[in-house]
Amino acid sequence: MTPTIVAHLGLIFVIFNMLVLSAAFMVWLERKVCAYIQDRVGPNRVGFEGALQPFADVIKLMFKEELRPQAADRLLFVIAPIISACAAFAAFSVVPFGTETTLFGLLEDPIPLQVTDVNVAVLVVFAIASMGVYGIVLAGWSSNSKYSLLGGLRSSAQMISYELSYALALAAVIMLAGSLSLREIVMDQDGYWWGVIPRWYIFLQPLGFLIYMIAGVAETNRAPFDFPEAEQELVAGYHTEYSSMSFALFFLAEYVNMVTVSAVAVNLYLGGWLGPFLPDWLQWVYFLAKVFLLLFFYVWMRWTLPRYRYDQLMEFGWKWLLPAAVLNLFATAALVLWLE
Amino acid sequence: MVSLNHYLILSAVLFSIGTAGVFLRRNLITVLLSIEVMLNAVNLTFISVGRYLGTVDGQIIVFFVMTVAAAEAAVGLALVIALFRHRETLNPDAFTSLKW
Amino acid sequence: MDVVAFYLFAAVAVVSSLLVVGQRNPMYSVMLLIASFGALAGLYVLLDAPFTAVTQIIIYAGAIMVLFLFVVMLLNVPREEAAVGPVTATLGATGIRIGAVLSAVLAIELVWALSRLAPTRFGDDAEVTGISSVARIGRTLFTEHAFAFEATSILILAAMVGATVLARRER
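An account of the accompanying structure is given in this report. (Residues numbered from 1 in each chain as written. Chains lettered and ligands numbered in written order. Predicted model: local features only at pLDDT ≥ 70, side-chain atom pairs only at ≥ 80, totals over all residues. Heavy atoms only, no water.)

1. Brief notes about the overall build of chain A
Turning to step 1, where the next piece is worked out: The number of helices and strands found in chain A is eleven helices and two strands.
Turning to step 2, where the next piece is worked out: Across chain A, helices and strands are ordered from the amino to the carboxyl terminus as α-α-α-α-α-α-β-β-α-α-α-α-α.
Turning to step 3, where the next piece is worked out: The C-alpha radius of gyration computed for chain A amounts to 21 Å, which stays within 12% of the reference 20 Å derived for 340 residues, consistent with globular compactness.
Turning to step 4, where the next piece is worked out: For chain A, the C-alpha atoms occupy an extent of roughly 60 × 50 × 45 Å along the three principal directions.
Turning to step 5, where the next piece is worked out: For chain A, the proportion of its 340 residues judged to be buried stands at 52%.
Turning to step 6, where the next piece is worked out: Within chain A, contacts between residues separated by at least 24 positions form 76% of all contacts whose residues are at least 6 apart in sequence.
Turning to step 7, where the next piece is worked out: Looking at chain A as shown, the accessible area adds up to about 16,000 Å², and 70% of this sits on carbon and sulfur atoms.
Turning to step 8, where the next piece is worked out: Distance from the positive charge centre (18 side chains) to the negative charge centre (26 side chains) of chain A: 11 Å. (Helix = DSSP H or I, 4+ residues; strand = E, 2+ residues; numbered from the N terminus. Rg over C-alpha atoms; globule rule 2.2 N^0.38 Å. Buried < 20%, exposed > 50% of the residue type's maximum accessible area, 1.4 Å probe, protein only. Contact = heavy atoms within 4.5 Å. Areas by Shrake-Rupley, 256 points an atom, 1.4 Å probe, with all protein chains shown as cover. Lys, Arg positive; Asp, Glu negative; His and termini not counted. Charge placed at Lys NZ, Arg CZ, Asp CG, Glu CD.)

Have a look at this one:
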């Protein structure tokens, strides 16, 4: 057990806990922001300003009865939330959030602040996100209920439609950076133009950033694209028949997916952990701040915008977002050729 | 030490499993799935021999094989849907009207 | 370490392929095939082809299998009944004899071929292991194989049109 291996295991432990805590934090953030948007206060009984509310929710969910419909396909019914949660966590494993650190000189070689450093990291995130579709489809099918089946089918059709625009926005960034590794893409955004504007890709690719965020919101089934799980339409869509910890796993998967999409967006477009004034080993603070900003936008959008109807959603994805993403790719290719 | 022979034998085993599936199964969808198993075995052969010879051509051929497999799966499934609408069954033994 | 990984992935691939072919529920077959694809992607990573591994997950496990899953769910494919009668009933006596002879020939041929295997090792130098860079694949794909690339795009277009026309409800 060399110190490097211990450091890696410790890092994995820290990242995993960070993701779970961020999901809990998102629950609280969502309820508070929703409350203030709706001109009320939100949870304020449990802990200071309701900060312990997510933990109370988790304890309540753990004590609920675990139901299973009698005609449900037993194996698939149990596996579906597991697939969702595993895909959500696995996608974060290649996202870097800081420079290489030696833990204040305890290690000889620096370890990068991420679980692994693959040189096709962008594609790995995309691949694991496309595996998350199966959790939803299997949940919808195995519940053996018409609301679940409709919700599952619609949700998976929506996800695979918006994956195309997601991939094209990624392709434009890859063209600019010349590499598929997330760490290299962030390092390419180092430095400033004219000393004051940081070299972030969002200034080179405003349309690309917009396309990526819209596709990301659709991928995570959040408003305004959450028709498949809309309470007013479909009871609760694909997780109608789930209760207790399975339901908690779906919720966890949704919030961790949001965090992953925001983290990848920060790495691709907003310069990752780069920022002025702080020393190298503290720059992950910038990363957290930028991810928090994007997550706040997510929650803000949910409680402000009305929901898209399903056919409007599919029409928007295929007729507007996909051509826009292709145009963005052409424009980026022209820009890259012009800059050389 | 894992040599090229290991990969080729594994690929042969997978290919024969796929072939057995195409011959023995009485469900059109499972037949299509067995065809996908065979295509994957061939992909494994291409990649391992490409690695052995030190070229990148193996991966390029696999790229094309994957694309063709996607196109074939799409058209095959469309045919299955059309057939199911006619006979309400997916058993290939039910589609014998061209037999003489 | 590589050997353990190879045998692990190979075992998963073979067992899940056997179950795909062997068991009756088509929904389980599709999920088991996805597991098989994942194991093969692991094998591609062992063979220094990470781009192909990730592409396999994205295209095969992420898109083609979703198509299969949709068709299985929408057609509500029932569990398959057993094959109609034993296969040997349709063959007849001479058929069984010829089949036995052919199987014996195949078995002898296999044993002979496997006993004459020479060990072939993979090259280790950086020239060989560096071949998996995405840039190199892209360069070769768009220069030497550009015609095949363009022809594939027409193939996909034809497949899209064909699938839409074939699956349409007749009016």
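2. A closer look at the interface of chain A and chain C
Turning to step 1, where the next piece is worked out: Listed as interface residues are 22 residues of chain A and, on the opposing side, 20 residues of chain C.
Turning to step 2, where the next piece is worked out: Among the residues chain A hides against chain C, the three largest losses belong to Tyr134, Trp141 and Leu153 of chain A. Together they make up 31% of the total.
Turning to step 3, where the next piece is worked out: Where chain A packs against chain C, one counts zero salt bridges.
Turning to step 4, where the next piece is worked out: One can count two residue pairs in polar contact (both at pLDDT 80 or more) joining chain A with chain C.
Turning to step 5, where the next piece is worked out: Secondary-structure elements contributing two or more residues to the side of chain A that touches chain C are helix H3 (74-91), helix H4 (121-142) and helix H5 (146-177) of chain A.
Turning to step 6, where the next piece is worked out: For the side of chain A that touches chain C, the element with the highest residue contribution is H4 of chain A, accounting for ten residues.
Turning to step 7, where the next piece is worked out: Here the side of chain A that touches chain C is composed, by residue class, of 18 nonpolar, three polar and one charged. (Buried area = accessible area lost by both parts, 1.4 Å probe. Salt bridge = Lys/Arg side-chain N within 4 Å of Asp/Glu carboxyl O. Polar contact = N/O pair within 3.5 Å; in protein donor to acceptor, adjacent residues only side chain to side chain. Nonpolar A, V, L, I, M, F, W, Y, C, P; charged D, E, K, R; others polar.)

3. A look at the nonpolar core
Across soluble globular proteins, nonpolar side chains have a tendency to be buried as a group.
Turning to step 1, where the next piece is worked out: Tyr212 and Leu268 of chain A, Ile29 of chain B together with Met65 and Phe68 of chain C are the most contacted members of the largest nonpolar core, which totals 155 residues.
Turning to step 2, where the next piece is worked out: In terms of residue count, helix H3 (residues 50-75) of chain C provides more of this core than any other element does, 17 residues in total.
Turning to step 3, where the next piece is worked out: With sequence-adjacent residues up to four places away left out, Ile29 of chain B is seen in contact with Leu77, Val80 and Leu90 of chain B together with Phe68, Val71, Val72 and Val77 of chain C. (Core = buried A, V, L, I, M, F, W, Y, C linked by side-chain atoms within 4.5 Å.)

4. Some points on the interface of chain B and chain C
Turning to step 1, where the next piece is worked out: With 62 residues of chain B at the interface, the matching set in chain C holds 74 residues.
Turning to step 2, where the next piece is worked out: Buried area between chain B and chain C, both sides added, is near 6,000 Å², and the carbon and sulfur share of it is 74%.
Turning to step 3, where the next piece is worked out: Among the residues of chain B in contact with chain C, Leu33, Arg51 and Met66 of chain B are the three that bury the most area, contributing 12% of the side total.
Turning to step 4, where the next piece is worked out: Taken together, the connections running from chain B to chain C amount to one salt bridge.
Turning to step 5, where the next piece is worked out: Applying the counting criterion to the chain B and chain C interface returns eight residue pairs in polar contact (both at pLDDT 80 or more).
Turning to step 6, where the next piece is worked out: For the side of chain B that touches chain C, the elements supplying multiple residues, two or more each, are helix H1 (4-24), helix H2 (28-53) and helix H3 (57-87) of chain B.
Turning to step 7, where the next piece is worked out: The element that contributes the greatest number of residues to the side of chain B that touches chain C is H3 of chain B, accounting for 24 residues.

5. Here's the deal with a nonpolar patch on the surface
Residues and elements named next belong to chain A.
Turning to step 1, where the next piece is worked out: On the surface, a nonpolar cluster with roughly 710 Å² of combined accessible area is contributed by Phe25, Ile37, Phe292, Leu293, Phe296, Phe297, Trp300 and Trp303.
Turning to step 2, where the next piece is worked out: The set of elements that each furnish at least two residues to the nonpolar patch consists of helix H1 (3-37) and helix H10 (284-304).
Turning to step 3, where the next piece is worked out: If one sorts the elements of the nonpolar patch by residue count, H10 sits on top with six residues.
Turning to step 4, where the next piece is worked out: For Phe297, the position within the fold is in helix H10.
Turning to step 5, where the next piece is worked out: With relative accessibility at 38%, the residue Phe297 sits in the partly exposed group. (Patch = residues over 30% accessible without salt bridge, like charges linked within 9 Å, V, L, I, M, F, W, Y side chains within 5 Å.)

6. Quick word on the environment of Val196 of chain A
Turning to step 1, where the next piece is worked out: Within the fold, Val196 of chain A resides in the loop between strand E1 (192-193) and strand E2 (197-198).
Turning to step 2, where the next piece is worked out: The sequence separation of Val196 of chain A and Leu19 of chain A amounts to 177 residues, and the corresponding C-alpha distance is 33 Å.

7. Some points on the packing of H5 of chain A against helix H11 (residues 310-339) of chain A
All names here are of chain A.
Turning to step 1, where the next piece is worked out: Running from N to C, H5 and H11 point in directions that differ by 10°, and their axes come no closer than 9 Å. Considering their axes alone, H5 and H11 lie roughly parallel with respect to each other.
Turning to step 2, where the next piece is worked out: By residue class, the composition of the contact of H5 with H11 is 21 nonpolar, six polar and one charged. (Axes fitted to C-alpha atoms, helices over the stretch in contact; angles between N-to-C directions. Parallel < 35°, antiparallel > 145°, perpendicular 65-115°, else oblique.)

8. Focus on the packing of aromatic side chains
All names here are of chain A.
Turning to step 1, where the next piece is worked out: Applying the stated rule across the entire model yields 23 aromatic pairs over all chains.
Turning to step 2, where the next piece is worked out: Judged by centre distance (6.3 Å) and plane angle (20°), the rings of Phe225 and Phe316 are stacked. Of the two residues, Phe225 sits in the loop between helix H7 (206-219) and helix H8 (231-234) while Phe316 sits in helix H11, which places them 91 residues apart along the sequence.
Turning to step 3, where the next piece is worked out: According to the relative accessible area criterion, Phe316 is buried, its value standing at 19%.
Turning to step 4, where the next piece is worked out: With a centroid separation of 5.9 Å and an interplanar angle of 35°, the aromatic rings of Phe296 and Trp300 are classed as tilted. (Phe/Tyr/Trp six-rings, centres within 6.5 Å; stacked < 30°, edge-to-face > 60°.)

9. Topic: the pattern of salt bridges
Turning to step 1, where the next piece is worked out: Across all of its chains, the model carries eight salt bridges over all chains by this definition.
Turning to step 2, where the next piece is worked out: Notably, a salt bridge pairs Arg26 of chain B with Asp93 of chain B, separated by 2.8 Å at the nearest N-O pair. Taken together, the residues Arg26 of chain B in the loop between H1 and H2 and Asp93 of chain B in the segment after H3 connect sequence positions 67 residues apart.
Turning to step 3, where the next piece is worked out: Ionic contacts of the salt-bridge type, sharing partners, join the residues Glu30, Arg222, Glu254 and Arg302 of chain A into one network.

10. Quick word on H10 of chain A
Turning to step 1, where the next piece is worked out: Here H10 of chain A is 21 residues long and its end C-alpha atoms lie 30 Å apart, about the 30 Å a rise of 1.5 Å per residue gives.
Turning to step 2, where the next piece is worked out: Against the buried residues of H10 of chain A lie H1, H7 and helix H9 (244-269) of chain A. (Expected span 1.5 Å × (residues − 1).)

11. Quick notes on H9 of chain A
Residue and element names in this part refer to chain A.
Turning to step 1, where the next piece is worked out: Counted at 1.5 Å a residue, the expected span for H9 with its 26 residues is 38 Å, and the 38 Å between its end C-alpha atoms agrees.
Turning to step 2, where the next piece is worked out: Counting buried residues along H9, 21 of its 26 residues qualify, which places the element largely inside the surrounding structure.
Turning to step 3, where the next piece is worked out: One or two positions beyond H9, positive phi appears at Gly271, with a value near 80°.

12. So, the side chain of Ser3 of chain B
Turning to step 1, where the next piece is worked out: For Ser3 of chain B, the location among the structural elements is in the segment before H1.
Turning to step 2, where the next piece is worked out: The buried category is assigned to Ser3 of chain B, whose relative accessible area is 7%.
Turning to step 3, where the next piece is worked out: Residues within four places of Ser3 of chain B in sequence aside, it is in contact with Thr120 and Phe122 of chain C.

13. Considerations on the environment of Lys60 of chain A
All names here are of chain A.
Turning to step 1, where the next piece is worked out: As for its placement among the helices and strands, Lys60 is situated in helix H2 (residues 53-63).
Turning to step 2, where the next piece is worked out: On the accessibility criterion, Lys60 (46% relative accessible area) is partly exposed.
Turning to step 3, where the next piece is worked out: Linking Lys60 and Gly140, residues 80 residues apart in sequence, is a C-alpha distance of 25 Å.

14. A word on the packing of helix H2 (residues 26-46) of chain C against H3 of chain C
Each packed pair of helices is defined by two parameters, the angle between the axes and the distance between the axes.
All names here are of chain C.
Turning to step 1, where the next piece is worked out: Their axes nearest at 9 Å, the elements H2 and H3 cross at an angle of 175°. As judged from the angle between their axes, H2 and H3 are roughly antiparallel. For the pair H2 and H3, the contacting residues are Pro26, Met27, Val30, Met31, Leu33, Ile34, Phe37, Gly38, Leu40, Ala41, Tyr44 and Val45 in the first and Pro50, Thr52, Ala53, Gln56, Ile57, Tyr60, Ala61, Met65, Phe68, Leu69, Val72 and Met73 in the second.
Turning to step 2, where the next piece is worked out: Here the contact of H2 with H3 is built from residues that sort into 21 nonpolar, three polar and no charged.

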